[in-house]
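Chain by chain, the residues run as shown.
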Amino acid sequence: MSHTTMTYPLGDRNVNRLGYGAMQLAGPGVFGPVKDEARAIQVLRDAVAAGVNHIDTSDFYGPHETNQLINKALHPYPQDLCIVTKVGARRDAKGGWLPAMEPDALTQAVEDNLRHLGLDVIEVVNLRSMFQVFAPQEGSLEPQLAALLELRARGLIRHIGLSNVTPKQVADAQAMTPIVCVQNMYNLANRQDDALIDQLAEQQIAYVPFFPLGGFSPLQSTQLNEVAAALNATPMQVALAWLLRRSPNILLIPGTSSPAHLQENLASAQLTLSDEIMAKLNGI
Ligand SMILES: NC(=O)c1ccc[n+]([C@@H]2O[C@H](COP(=O)([O-])OP(=O)(O)OC[C@H]3O[C@@H](n4cnc5c(N)ncnc54)[C@H](OP(=O)(O)O)[C@@H]3O)[C@@H](O)[C@H]2O)c1
């Protein structure tokens, strides 16, 4: 067993640090119906059976398809399952990603998530900034957070998180309300958030990297391959084990549509990376 602790607080729950990201279950380009419904249902059920109690999703995956699939595969949900969704974007007719950050659009998105997931209340809703699609950009999120606070007051949301945001946006949001997690792009090869991760760790707030394996084109690196071969592991397992050791507040949500990849990813919790190996990986 690895020496990293395997649970961490997310809001007022403790979740397994190895969670699951559902984005890969929709059709090509995260658009349209699931590629193979039976296989996707198996991945979701296998994840929960293996102890995953943190699933990341959004109603803009598909759109709607991924949430409906989670509902079909897992409802009635285990009591300890923490489903986290995100709002702030919508899809156009061709699958393009557009901002949907107006307060009314956020309210509609939360209601759609509740309906498609079959929930009365969502454990965590991440406000996903869409000022830019794949990089944080400064700008006030105050009207958006005010809309989510209203939804929380109505009992539709339990906790609020942020996604694709800058450290200033995190601090500004924290002046309005507790923020339980931050979900930004981060992995072995994309380390812009190093300082933010450490700041959040000091506050015991979860940091949830998206694209932990590199995203649509998984990480490729000679050093990573060498370390993996030496440990009798796969490069993807080493990339996840590196994140687990990088900071205790990192929660993983690797995405996969493959039952075999799911098991491989979950097994990364068993990998222990020495200080020497961490130093080598930090050089990538
Ligand atoms: N907040 C945001 O803006 C945002 C953006 C993107 C993603 N997300 C969330 O973050 C989660 C993770 O991101 P992601 O799924 O896009 O990227 P990822 O986890 O970095 O990588 C997923 C890709 O890696 C492949 N893969 C997974 N496990 C593998 C393994 N063991 N060996 C080889 N290939 C493997 C998957 O293909 P297979 O299906 O073939 O395994 C898929 O192509 C998403 O599911 C989503 O919930 C959030």
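This report concerns the structure included in the present document. Because the structure is predicted, anything quoted here is derived from the model rather than measured. (Residues numbered from 1 in each chain as written. Predicted model: local features only at pLDDT ≥ 70, side-chain atom pairs only at ≥ 80, totals over all residues.)

Here strand β1 (residues 7–10) shows one buried face, formed by Tyr8 and Leu10, and one open face, formed by Thr7 and Pro9. Relative to strand β2 (residues 13–16), β1 runs antiparallel, the two sharing four bridges. Residue leucine 10 lies in a different strand from β2, and its bridge partner there is arginine 13. Hairpin connection between β1 and β2: a loop of two residues separates the two successive antiparallel strands, and glycine 11 in this loop has a positive phi of roughly 65°. (Buried ≥ 20, exposed ≤ 12 C-beta atoms within 10 Å, placed from the backbone. Helix = DSSP H or I, 4+ residues; strand = E, 2+ residues; numbered from the N terminus. Pairing = 2+ DSSP bridges.)

Note that threonine 166 resides in the loop between β9 (157–163) and α5 (167–174). Residues threonine 166 and methionine 101 lie 65 residues apart in sequence; the distance between their C-alpha atoms is 17 Å.

This brings us to helix α9 (residues 259–266). Every buried residue belonging to α9 is among Leu262, Asn265 and Leu266, and all of these are buried. On an axial view of α9, the arc spanned by its buried residues comes to 95°, and they lie on one face. Among the structural elements, α1 (37–49) and α8 (235–246) are those in contact with the buried residues of α9. (Arc of directions from axis to C-beta. Contact = placed C-beta atoms within 7 Å.)

Before going further, it helps to spend a moment on the packing of α1 against helix α2 (residues 65–74). The interhelical angle for the contact between α1 and α2, taken along N-to-C directions, is 60°, at an axis separation of 9 Å. Looking at the two axes, α1 sits oblique to α2. Both α1 and α2 take part in a crossing whose hand is right-handed. Mapping the contact onto sequence places Ala40, Ile41, Leu44, Arg45 and Val48 in α1 and Leu69, Ile70, Lys72, Ala73 and Leu74 in α2. Residue classes in the contact of α1 with α2 are distributed as eight nonpolar, no polar and two charged. (Axes fitted to C-alpha atoms, helices over the stretch in contact; angles between N-to-C directions. Parallel < 35°, antiparallel > 145°, perpendicular 65-115°, else oblique. Left-handed = near helix turned anticlockwise from the far one by under 90°. Nonpolar A, V, L, I, M, F, W, Y, C, P; charged D, E, K, R; others polar.)

The strand order β3-β4-β5-β8-β9-β10-β11 describes an open sheet built from seven strands, whose pairing is parallel. Where the open sheet ends on each side, the last strands, each with one partner, are β3 (20–21) and β11 (206–207). One ladder, built from two bridges, connects β9 with strand β10 (residues 181–183); its direction is parallel. In the strand pairing of β10, serine 163 is matched with glutamine 183.

Taken together, the neighbourhood of the ligand is formed by 27 residues, with Gly21, Met23, Leu213, Gly255 and Thr256 sitting nearest. For the shell around the ligand, the class distribution of residues is ten nonpolar, 13 polar and four charged. (Near = placed C-beta within 6 Å.)

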